[in-house]
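Summary of structural features
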Amino acid sequence: MSSPPAKRLSNPPMSESEYWNRKDLTGLEDVTRAEIDLIHSLAASFKETLGRRQKKLPSLRGKTVVNLFMEPSTRTRVAFEIAAKRLSADVISISGDSSSVVKGETLKDTALNIQALNADMIVLRHKAAGAAQYLAKILDIPVINAGDGAHEHPTQALLDTFTLREKWGSLEGRKVTILGDILFSRVARSNIWALRTLGAHVTLAGPNTLVPKQFEELGVKVVHDLREALHDADAVMLLRIQHERQTSSHFPSLKEYTASFGLNKLRMSWLKPGALIMHPGPINRGVEIDSDVADGAQSVILEQVTNGIVCRMAVLYLCANAAAVLRKARGLEVDQ
Amino acid sequence: MALVFDSGAVAEAVREVAREITRRHAATPHFGIVGIANGGVLFGRRLAWEVSGLLGREVPFGTLNAQFHRDDIAHKPIPKAFMRTDIRFDIDGATIILADDVLFSGRTLRAALNELFDHGRPQRVELAALVDRGGRSLPVTADYVGLRVAANAAQQVVVRLSEDPSPQDSVHVEPAG
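Residues numbered from 1 in each chain as written. Chains lettered and ligands numbered in written order. Predicted model: local features only at pLDDT ≥ 70, side-chain atom pairs only at ≥ 80, totals over all residues. Heavy atoms only, no water.

Right, let's get into the overall build of chain A. The secondary structure content of chain A amounts to eleven helices and ten strands. Over its C-alpha atoms chain A spans a radius of gyration of 20 Å, differing by no more than 12% from the 20 Å that the globule rule assigns to 336 residues. Taken along its principal axes, the extent of the C-alpha atoms in chain A is 60 × 45 × 40 Å. Here chain A holds 336 residues, and the buried ones make up 56% of them. Here the analysis covers contacts within chain A between residues at least 6 apart in sequence; of these, 73% occur between residues at least 24 apart. As displayed, chain A has an accessible area near 14000 Å², and 51% of this comes from carbon and sulfur atoms. (Helix = DSSP H or I, 4+ residues; strand = E, 2+ residues; numbered from the N terminus. Rg over C-alpha atoms; globule rule 2.2 N^0.38 Å. Buried < 20%, exposed > 50% of the residue type's maximum accessible area, 1.4 Å probe, protein only. Contact = heavy atoms within 4.5 Å. Areas by Shrake-Rupley, 256 points an atom, 1.4 Å probe, with all protein chains shown as cover.)

Below you can see the structure in the form of structure tokens.
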């Protein structure tokens, strides 16, 4: 099942290469501006194909993508499935409760078996931070992180920044406030990297138990006053309170959170006119966001969902290609 | 690196292709020029400009990226500079002249036709190549050829072309790397 270490594939060190050379996408921390630009250009191109008579592209014909989702997901899993299918790949989705994990199989064994079953890519969601990086190291096939614990959710931040670029053209100098449960949020972490790389100013806001001052080390502003967080923001990204990740109580109750930080019609008036409202979903209406706000004219929440397809198409396409180029360079594969 | 054609020869080749297109299509009601990214875009743009001048009306121009239809995923890394398909005129029923800088195996053209037909159904498609270097792997021929270069499989034909005629424009042959 395993091949000799000399033949092991891994991401080459990031260089200023003019080519995309990552076989995996596990996070955005070390992804460059040029790489994000490429993903977004491809995504824009794929978006145009969604409106064509022929929606399917043949780029990944003959490839099999396995969605290995060890945590619940609707949007991300479906978006990855549609993305892979639009590129003509075959897709198999496995969820944690229907896999041999319940029989005690480790993530490593599950993944090695999927590779041995001749899959060409794995899209992984897992509760453990670093799970995708771990698989990327031990597998020859590409591993795309679809969320690992509270670590990163790179494709979410790619689609969020893509949505903002569609609205603004450039993020340079724009102010984006991320509001809510930052401490447990992989979406926040990936967005901090992506937004800063693209030149935006990031403010993190929420109760101090969920938004510790230490985040300022990442080059962002931390505020605990909602009015201050909103008054000069060009966009607000709301995050869901992640009950499932909280081991101790970080605030008295959801009601209390809503009273202090929930975004409602009144608080919308603290924002600049035209400021955008974003949410990675799933939204909890009446908790972090009111229906008036979620369904209002400034909300781009559903556009984010659509953009999730095209950004993931770009990532699948680039990583599949890079993996194939690497395999060929190392003599592992003959031309197909 | 051997210089094969200098800027004067390149400029004349572009003009000659433009003249030939004009001769054939002076009476064609609906035709446009589409440059194949990345190499064919500037050639196509120069052609569209020249032909528009000769005809005294604006010939629509678009760009086409055939990358998603290529059969050589894994053969080439993907460059970070990406030019997307951008055709803002209706191609249904039109005559489309695809423009590329170098015609070699014919694979780019095969992919380009697929990309084009994802957008609509042109009545007729022609191909203009600035340089034909021979060595076809597919049954593809250009309708208009600017220059012919004899190069073998170990060589690469490099075309330098600017937005407007420039002394930097040239065609070189160098070892493939």
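Each partner contributes to the interface: chain B provides 19 residues, whereas chain A provides 30 residues. Summed over both sides, the interface between chain B and chain A buries roughly 2400 Å², with carbon and sulfur atoms accounting for 59% of that surface. For the pair chain B and chain A, the number of links is zero salt bridges. Connecting chain B to chain A are three residue pairs in polar contact (both at pLDDT 80 or more). Listed by contribution, the elements that provide at least two residues to the side of chain B that touches chain A are β4 (78–79) and α3 (107–119) of chain B. No other element matches the three residues that α3(B) contributes to the side of chain B that touches chain A. Within the side of chain B that touches chain A, the residues separate by chemical class into seven nonpolar, six polar and six charged. Across two bridges, the pairing between strand β1 (residues 19–20) of chain A and β4(B) is antiparallel. What sits directly across from Tyr19(A), in β4(B), is Pro79(B). (Buried area = accessible area lost by both parts, 1.4 Å probe. Salt bridge = Lys/Arg side-chain N within 4 Å of Asp/Glu carboxyl O. Polar contact = N/O pair within 3.5 Å; in protein donor to acceptor, adjacent residues only side chain to side chain. Nonpolar A, V, L, I, M, F, W, Y, C, P; charged D, E, K, R; others polar. Pairing = 2+ DSSP bridges.)

Turning our eyes to something else, we now look at the packing of helix α1 (residues 7–25) of chain B against helix α2 (residues 40–55) of chain B. Residues and elements named next belong to chain B. Close contact between α1 and α2 brings their axes to 9 Å; oriented N to C, the two are set at 55°. By the angle between their axes, α1 is oblique relative to α2. Handedness of the crossing formed by α1 with α2: right-handed. Contacts from Ala11, Val14, Arg15, Val17, Ala18, Arg19, Ile21 and Thr22 of α1 reach α2 at Phe43, Arg46, Leu47, Glu50, Val51, Leu54 and Leu55. (Axes fitted to C-alpha atoms, helices over the stretch in contact; angles between N-to-C directions. Parallel < 35°, antiparallel > 145°, perpendicular 65-115°, else oblique. Left-handed = near helix turned anticlockwise from the far one by under 90°.)

Take the environment of Glu256(A) next. Along the polypeptide, Glu256(A) turns up in helix α8 (residues 254–261). Considered as a pair, Glu256(A) and Val287(A) are 31 residues apart in the sequence and their alpha carbons are 9.5 Å apart.

Residues and elements named next belong to chain A. With parallel pairing, the four strands of this open sheet are ordered in space as β3-β2-β4-β5. Looking along the sheet, the strands with just one partner apiece sit at the ends: β3 (90–95) and β5 (143–148). The sheet shows a mean angle of 15° between the axes of neighbouring strands, taken without regard to direction. As paired elements, strand β2 (residues 64–69) and β3 share six bridges and run parallel to each other. Its bridge partner lying in β3, Thr64 is registered against Asp90. Together, β4 (121–126) and β5 form the strand contacts of helix α11 (residues 301–329), whose direction differs from that of β4 by roughly 125°.

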